[in-house]
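# Residue-level structure breakdown
So you can see what is in the structure, the chains are spelled out below.
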Amino acid sequence: MSLIRIAIIGPESCGKSTLSLQLAAALCSQGLRAVAVAEYARAYYAGRDYQVSMADIEAIAAGQLQAEQHAAAEHDWLVCDTTVLTCKIWADVAFGQPSPALLQLYRPQDYAFTLLTAADIPWQPDPLRSHPAQRDWLLGLYQAELARQGVAYTLLQGGQAARLAQALQALGRAGLPKK
């Protein structure tokens, strides 16, 4: 079987991590070799102060891709809790544009399916989150970039159970999953 990558993206505090774990578990329950690939930024900032530079964003993007590559060695389905697209949005917001090095890592077409989480659940404080009042604006940045890249996506809304059901329905409509 070839590798299937599912991107779960969206603004801060919109349920991406929870959904990636739930979706990977649901796929595993169907007998698929699936895994949730964690957001690398959390590991990156675990041992350092949260101060963002372009070099940090580039390192996080590279680390995210390395985590996906590592997971692909043992799994056929990767449910990615964020992608380099998040790093691109981060660079746009913090610095006005991404660096050439970051753009070299940015490959939104690598994902068979993209799930975008809406900003309709309560904000949860976290040391890596900094835009509680701008989540709808950030969602618009994601939508605009996906449109610019020609990437189809499914917008997920509601609570945890609703989002998981919507994700599974969307995958089913696309003919996924298949063993």
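As a starting point, this report considers the structure included with it. (Residues numbered from 1 in each chain as written. Predicted model: local features only at pLDDT ≥ 70, side-chain atom pairs only at ≥ 80, totals over all residues. Heavy atoms only, no water.)

Our next topic: the overall build of the chain. The helix and strand inventory of the chain stands at seven helices and five strands. Counting helices and strands in the order they occur from the N terminus, the chain gives β-α-β-α-α-β-α-α-β-α-β-α. Judged by the C-alpha coordinates and their principal axes, the chain covers about 40 × 35 × 35 Å. Relative to its full complement of 179 residues, the chain shows a buried share of 45%. A separation of at least 24 residues holds for 75% of the contacts in the chain among residues at least 6 apart in sequence. (Helix = DSSP H or I, 4+ residues; strand = E, 2+ residues; numbered from the N terminus. Buried < 20%, exposed > 50% of the residue type's maximum accessible area, 1.4 Å probe, protein only. Contact = heavy atoms within 4.5 Å.)

As a further point, take helix H4 (residues 84-95). Taking 1.5 Å as the rise per residue, H4 with 12 residues should run 16 Å; its terminal C-alpha atoms sit 16 Å apart, in good agreement. When H4 is considered as a whole, its buried residues turn out to be Val84, Leu85, Thr86, Cys87, Lys88, Ile89, Trp90 and Ala91. Buried-residue contacts for H4 involve strand E1 (4-9), helix H2 (40-45), helix H3 (54-72), helix H5 (100-105) and helix H6 (135-149). Looking one or two residues beyond H4, the residue adopting positive phi is Gly96, at roughly 90°. (Expected span 1.5 Å × (residues − 1).)

What follows covers the packing of helix H1 (residues 16-29) against helix H7 (residues 160-173). Direction vectors running N to C along H1 and H7 enclose 50°, while the axes themselves pass 10 Å from each other. The pairing of H1 with H7 is recorded here as oblique in orientation. Regarding H1 and H7, the two cross each other, and that crossing is right-handed. Of the residues in H7, those in contact with Thr18, Leu19, Gln22, Leu23 and Ala26 of H1 are Gln160, Arg163, Leu164, Ala167, Leu168 and Leu171. (Axes fitted to C-alpha atoms, helices over the stretch in contact; angles between N-to-C directions. Parallel < 35°, antiparallel > 145°, perpendicular 65-115°, else oblique. Left-handed = near helix turned anticlockwise from the far one by under 90°.)

Here the focus is H6. With 15 residues, H6 extends 21 Å between its outermost C-alpha atoms, agreeing within 8% with the 21 Å of an ideal straight helix rising 1.5 Å per residue. Buried residues of H6: Arg135, Leu138, Leu139, Tyr142, Glu145 and Leu146, and no others. Looking straight down H6, one finds its buried side chains confined to an arc of 125°; they lie on one side. Opposite the packed face of H6, turned more than 90 degrees from it, sit the exposed residues Asp136, Ala147 and Arg148. Among the structural elements, E1, H4, strand E4 (113-117) and strand E5 (154-156) are those in contact with the buried residues of H6. Residue Gly150 follows H6 closely and has a positive phi angle near 70°. (Arc of directions from axis to C-beta.)

Between side chains of opposite charge, a pair can form as their charged atoms come close. Counting across every chain of the model gives eight salt bridges. Here Arg33 and Asp76 are joined by a salt bridge, their closest N and O atoms 3.0 Å apart. One end of the pair, Arg33, is in the loop between H1 and strand E2 (34-37); the other, Asp76, is in the loop between H3 and strand E3 (77-81), and 43 residues separate them in sequence. Among the residues examined, Asp76 registers a relative accessible area of 16% and is labelled buried. (Salt bridge = Lys/Arg side-chain N within 4 Å of Asp/Glu carboxyl O.)

The element E3 is largely enclosed, with a buried count of five among its five residues. Neither face of E3 is open: one carries Trp77, Val79 and Asp81, the other Leu78 and Cys80, and all of them are buried. Bridge count for E2 against E3 is four bridges, and the pairing is parallel. The residue of E3 that forms the bridge with Ala34 is Trp77. (Pairing = 2+ DSSP bridges.)

Take unusual backbone geometry next. Residues other than glycine seldom take positive phi values, yet Thr82 does so here, at roughly 95°. You can see Thr82 is positioned in the loop between E3 and H4.

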